Amino acid sequence: MPCNVVVLISGSGSNLQALIDSVAQDGNPARIGAVISNRADAYGLQRAKQAGIATELLDHKQFDGREAFDAALIQAIEAHQPDLVVLAGFMRILTPGFVQHYAGRLLNIHPSLLPRHKGLHTHQRALEAGDSEHGCSVHFVTEELDGGPLVVQAVLPVMADDTAESLASRVHQQEHQIYPLAVRWFAEGRLRLGAQGAMLDGEPLPASGHLIRT
Ligand code: GRF
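Let me begin by describing the structure that accompanies this report.

Definitions and cut-offs
Residues numbered from 1 in each chain as written. Predicted model: local features only at pLDDT ≥ 70, side-chain atom pairs only at ≥ 80, totals over all residues. Heavy atoms only, no water. Helix = DSSP H or I, 4+ residues; strand = E, 2+ residues; numbered from the N terminus. Expected span 1.5 Å × (residues − 1). Buried < 20%, exposed > 50% of the residue type's maximum accessible area, 1.4 Å probe, protein only. Contact = heavy atoms within 4.5 Å. Near = heavy atom within 4 Å. Polar contact = N/O pair within 3.5 Å; in protein donor to acceptor, adjacent residues only side chain to side chain. Areas by Shrake-Rupley, 256 points an atom, 1.4 Å probe, with all protein chains shown as cover. 1 Å grid on protein atoms, 1.4 Å probe; cavity = no way out; pocket = protein on both sides within 12 Å on 5 of 7 lines; lining within 4 Å. Sits in = over half its atoms within 2 Å of the grid points. Nonpolar A, V, L, I, M, F, W, Y, C, P; charged D, E, K, R; others polar.

A closer look at helix H3 (residues 66-78)
What sets the pattern is the α-helix's 3.6 residues per turn: residues three or four places apart point alike.
Link 1 in the chain: Between its first and last C-alpha atoms H3 spans 18 Å; for 13 residues at 1.5 Å apiece the expected length is 18 Å, and the two agree.
Link 2 in the chain: Along H3, the residues that are buried comprise Phe69, Asp70, Ala72, Leu73, Ile74, Ala76 and Ile77.
Link 3 in the chain: Contact partners of the buried residues in H3: strand E1 (3-9), strand E2 (30-37), strand E3 (54-57), strand E4 (84-87) and helix H4 (96-101).

What follows is the structure in structure tokens.
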């Protein structure tokens, strides 16, 4: 059974590209049914078009508040009957109503080792904190911003000469590995959100999610 995925973006869409490339692989049951952006200039829209995927633009500035935008967003997503909704650099805080609607079928990727460095400027903050390790996390989305149950994390060492840019670039490469992996697990029916957290193959994942060290 194919797993229909709707991807939400706001920007470059390099994670979207990694997903597009991975669903083309043999035996991957994930299908990207649509890509929706809240920004007209998101380059990810071009990536989707090039891959023959339906695109939609829903400009949040055209809506009177978060509730109205999220209601329209749900409508736009539902038109594609998704089994899974994937946030791939979607730079909007979602309302509790939206998050509840997609509970257990909404994933996000965040460029830090959550629960460290929720929010923005994660690479700079990891450097300023003197962290010896940094990385990225895929998690189920709950009402707590960047706080939902972790699925998988890629951990990499911070080097003495790292800058925010060099870290961002290495973390991004890892994002492109772990997001397709998590989406594939979900599409294969191996990953789900249980009452106590994320489950893989019927077993609870550790609080950190599945760890990949590079
Ligand atoms: C990534 O760093 C992701 O972790 C964050 O937003 C960025 C999106 O990058 N949520 P891209 O648009 O996928 O290139």
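Things to note about the site of the ligand
Link 1 in the chain: Taken together, the neighbourhood of the ligand is formed by Ser12, Gly13, Ser14, Asn15, Gly89, Ile109, His110, Pro111, His172 and Glu175.
Link 2 in the chain: Note that an oxygen atom of the ligand is positioned 2.7 Å from one of the backbone N or O atoms of glycine 13.
Link 3 in the chain: Between an oxygen atom of the ligand and a side-chain N or O atom of serine 14, the distance comes to 2.5 Å.
Link 4 in the chain: In isolation the ligand exposes 370 Å². Once the protein is present, 84% of that is buried.
Link 5 in the chain: Under a 2 Å grid-point criterion requiring more than half of the atoms, the pocket assigned to the ligand is the largest pocket.
Link 6 in the chain: Residue assignment for the shell around the ligand shows that the elements contributing at least two residues are helix H1 (14-23), strand E5 (106-110) and helix H6 (164-187).
Link 7 in the chain: Along the lines of polarity and charge, the residues of the shell around the ligand split into two nonpolar, seven polar and one charged.

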